[in-house]
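What the coordinates show
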Amino acid sequence: MDRKNLLPIGQFSQASGLSVTALRHYDASGVLLPAFVDPVSGYRYFRRDQVRTAQSIRALRQLDIPVEEVRRLLGGGEEGIGAALRAHLRTAERRLEVQRSVVHSLLSRLAEGAEMTHRVTVRQGAAERILVRGATLDNSGLDAFLRVAYQELYAVAGRGPLTFTGPAFVRFHGVCDDENETLVEACLPFWEDGAQPTDLPEGMTVRELPGTALACTEVEGEAAAFPQILSAYDAVAEWITEHGFVFAGPTRMVYRRWTGTPDHPDNRVEIAWPMDEPADGRPEPADPAPEAAGRPAG
């Protein structure tokens, strides 16, 4: 073989910025194969035109893209790499926004306390019959799911037509963020003595929710958009635990006023968390708000 166009692994390492150990690893994993391996010494040689590929591998790995994903991207050519990098950038920017929001929230809590930022009240939620569409997903798919789910729910409701007994709301059965999936339910409450939904599509159900006490706080505008809204969930959860109550079901995000645009200044949503007294008896809050008697918040 003509070795004039080949670089030994040491020189290739210097040109590409990848260590010799890394080059051996990428050879073993099939990401970057040497052009020639000496059958006697086992020494690896690379073509000069492989330097650019190696530099791309180095950059992709610096972005914490897994080795298997790097191999797949290299097989798709530069166009595929470009699309993946743009998607990675969007994810990184979103993660940075979440981190920025968390830092600001923590700084606010340290300076003022959660209840200074979010006023938590208590109201009694009535028993409800609801039309439900659910899915298990993480936060990246939440907006798209809710948009489609409510289109389908309102289409079914309009055939009744159903009589709504309150605003639409979402139930979260667990943590829904960029790293965790959970069951999310889009809900429409309707009058049980009026028209009833028929011919429900697959995945849509009717459910009965019992009456329950709800610890609530409201947020508006940008504070109602992710990730800023996370501080409202934290405030309600902290209030429930500090006052000696227990969590009694999935938390709800109630659309008190919704424009359809997540960060619109006219949006107003309520975080309402079902709660109950502990098994050994209900504690008396130190300074109960007027809403604790059962008047709606807001």
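Counting restarts for each chain, with residues numbered from 1 along the sequence as it is written. Selection of residues for local features in this predicted model requires a pLDDT of at least 70, selection of side-chain atom pairs for listing and counting requires 80 or more, and totals for whole chains, interfaces and linings are taken over all residues. Just so you know, side-chain values use all the structure's heavy atoms and leave hydrogens and water out.

**Let's talk about the packing of helix H1 (residues 9–16) against helix H3 (residues 51–62)**
Axes are the key here: two packed helices are described by the angle between their axes and the distance separating the axes. Think of each axis as a best-fit line through the C-alpha atoms, taken over the contacting stretch in the case of a helix, with angles from 0 to 180 degrees between the N-to-C directions. Working definition: helices are DSSP H or I runs of at least four residues, strands are E runs of at least two. Numbering for both runs from the N terminus. The geometry of H1 relative to H3 is characterised by a closest axis approach of 9 Å and an angle of 60 degrees between their N-to-C directions. Judged by the inter-axis angle, H1 sits oblique to H3. Where H1 crosses over H3, the two elements pack in a sense that is right-handed. On the side of H1, the interface is formed by Phe12, Ala15 and Ser16, while H3 contributes Val51, Ala54, Gln55 and Arg58. Each residue is assigned to one of three groups, with Ala, Val, Leu, Ile, Met, Phe, Trp, Tyr, Cys and Pro labelled nonpolar, Asp, Glu, Lys and Arg labelled charged, and all others, Gly among them, labelled polar. Among the residues making up the contact of H1 with H3, the classes are represented as four nonpolar, two polar and one charged. For classification purposes, an angle smaller than 35 degrees is called roughly parallel, one larger than 145 roughly antiparallel, one from 65 to 115 roughly perpendicular, and anything else oblique. Less than a right angle of anticlockwise turn of the near helix away from the far helix marks a crossing as left-handed, whereas a clockwise turn marks it as right-handed. Note on definitions: a residue-residue contact is assigned when non-hydrogen atoms from the two residues lie within 4.5 Å.

**A few points about the sheet that holds strand S3 (residues 44–47)**
For two strands to count as paired, DSSP must find a minimum of two bridges between them. Read across the open sheet, the three strands follow the order S1-S3-S2; overall the sheet is antiparallel. The strands lining the two open edges of the sheet, one partner per strand, are strand S1 (6–8) and strand S2 (36–37). Two elements, S2 and S3, share two bridges in a ladder whose sense is antiparallel. The partner of Phe36 across the bridge, within S3, is Tyr45.

**Notes on the packing of aromatic side chains**
Whether two aromatic rings pair depends on their centres lying within 6.5 Å, for rings of Phe, Tyr and Trp, where Trp uses its six-membered ring; planes under 30 degrees apart make the pair stacked, over 60 edge-to-face, and the rest tilted. Here the structure, examined in full by the defined rule, presents ten aromatic pairs. Between Tyr150 and Tyr154, the ring centres sit 6.2 Å apart and the planes meet at 35 degrees, which makes this aromatic pair tilted. Of this pair, Tyr150 and Tyr154 both sit in helix H7 (residues 142–159), four residues apart, which is roughly one turn of the helix. Burial classes follow relative accessibility: with a 1.4 Å probe on protein chains only, a residue under 20% of its type's maximum area counts as buried, one over 50% as exposed, and anything between as partly exposed. Its relative accessible area of 10% is what places Tyr150 among the buried residues. A relative accessible area of 42% means that Tyr154 is categorised as partly exposed. Every member of this aromatic cluster is reached through a ring pair, and the members are Tyr150, Tyr154, Phe164, Tyr255 and Trp258.

**Here we look at the environment of Val67**
Mapped onto the elements of the fold, Val67 is located in helix H4 (residues 67–75). Distance from Val67 to Ile57, taken between C-alpha atoms, is 8.9 Å for residues ten residues apart in sequence. Excluding residues that lie within four positions of it along the chain, Val67 makes contacts with His25, Tyr26, Ser29, Val31 and Arg61.

**Focus: the confidence of the model for the protein**
Considering every residue of the protein, the mean pLDDT works out to 85; 89% of them sit at 70 or more. The secondary-structure element of the protein with the lowest mean pLDDT is helix H6 (residues 114–117), recorded at 55, while strand S6 (residues 169–172) shows the highest, at 97. Confidence of the predictor at the level of single residues is captured by pLDDT, which takes values from 0 to 100. Segment residues 283–298: pLDDT under 50, and 25 contacts once partners within four positions in sequence are set aside and those in other chains are kept.

**Some thoughts on H4**
Listed in full, the buried residues belonging to H4 are Val67, Val70 and Leu73. Looking down the long axis of H4, one finds its buried residues gathered within 120 degrees of arc, a one-sided arrangement. Seen from the open side of H4, the exposed residues pointing more than 90 degrees away from its buried face are Arg72 and Gly75. The arc in question is traced by the directions running from the helix axis to the C-beta atoms.

**Concerning the nonpolar core**
Ranked by size, the top nonpolar core spans 41 residues in total, and within it Leu146, Tyr150, Val184 and Met253 carry the most contacts. The greatest single-element share of this core, amounting to eight residues, is contributed by H7. The definition of a nonpolar core used throughout is a set of buried Ala, Val, Leu, Ile, Met, Phe, Trp, Tyr and Cys residues joined through side-chain atoms within 4.5 Å.

**What to know about the environment of Ala15**
If you trace the backbone, Ala15 turns up in helix H1. The partly exposed category is assigned to Ala15, whose relative accessible area is 36%. Each C-alpha atom, one on Ala15 and one on Arg52, is 9.2 Å from the other, the two residues being 37 residues apart in sequence.

**Examining the packing of H3 against H4**
Running from N to C, H3 and H4 point in directions that differ by 140 degrees, and their axes come no closer than 10 Å. Classed by the angle they form, the pair H3 and H4 counts as oblique. Our pair here, H3 against H4, has a crossing hand that is right-handed. Along its contact with H3, which presents Thr53, Ile57, Leu60 and Arg61, the element H4 presents Val67, Val70, Leu73 and Leu74. A per-class count over the contact of H3 with H4 returns six nonpolar, one polar and one charged.

**Observations concerning unusual backbone geometry**
In this structure, Pro161 follows Gly160 across a cis peptide bond, with omega equal to -15 degrees. Structurally, Pro161 is set in the loop between H7 and S6. One non-glycine residue, Asp64, lies in positive phi territory at about 65 degrees. Within the fold, Asp64 resides in the loop between H3 and H4. Phi is positive for Asp199, close to 50 degrees, though the residue is something other than glycine. For Asp199, the position within the fold is in the loop between strand S7 (182–190) and strand S8 (204–209).

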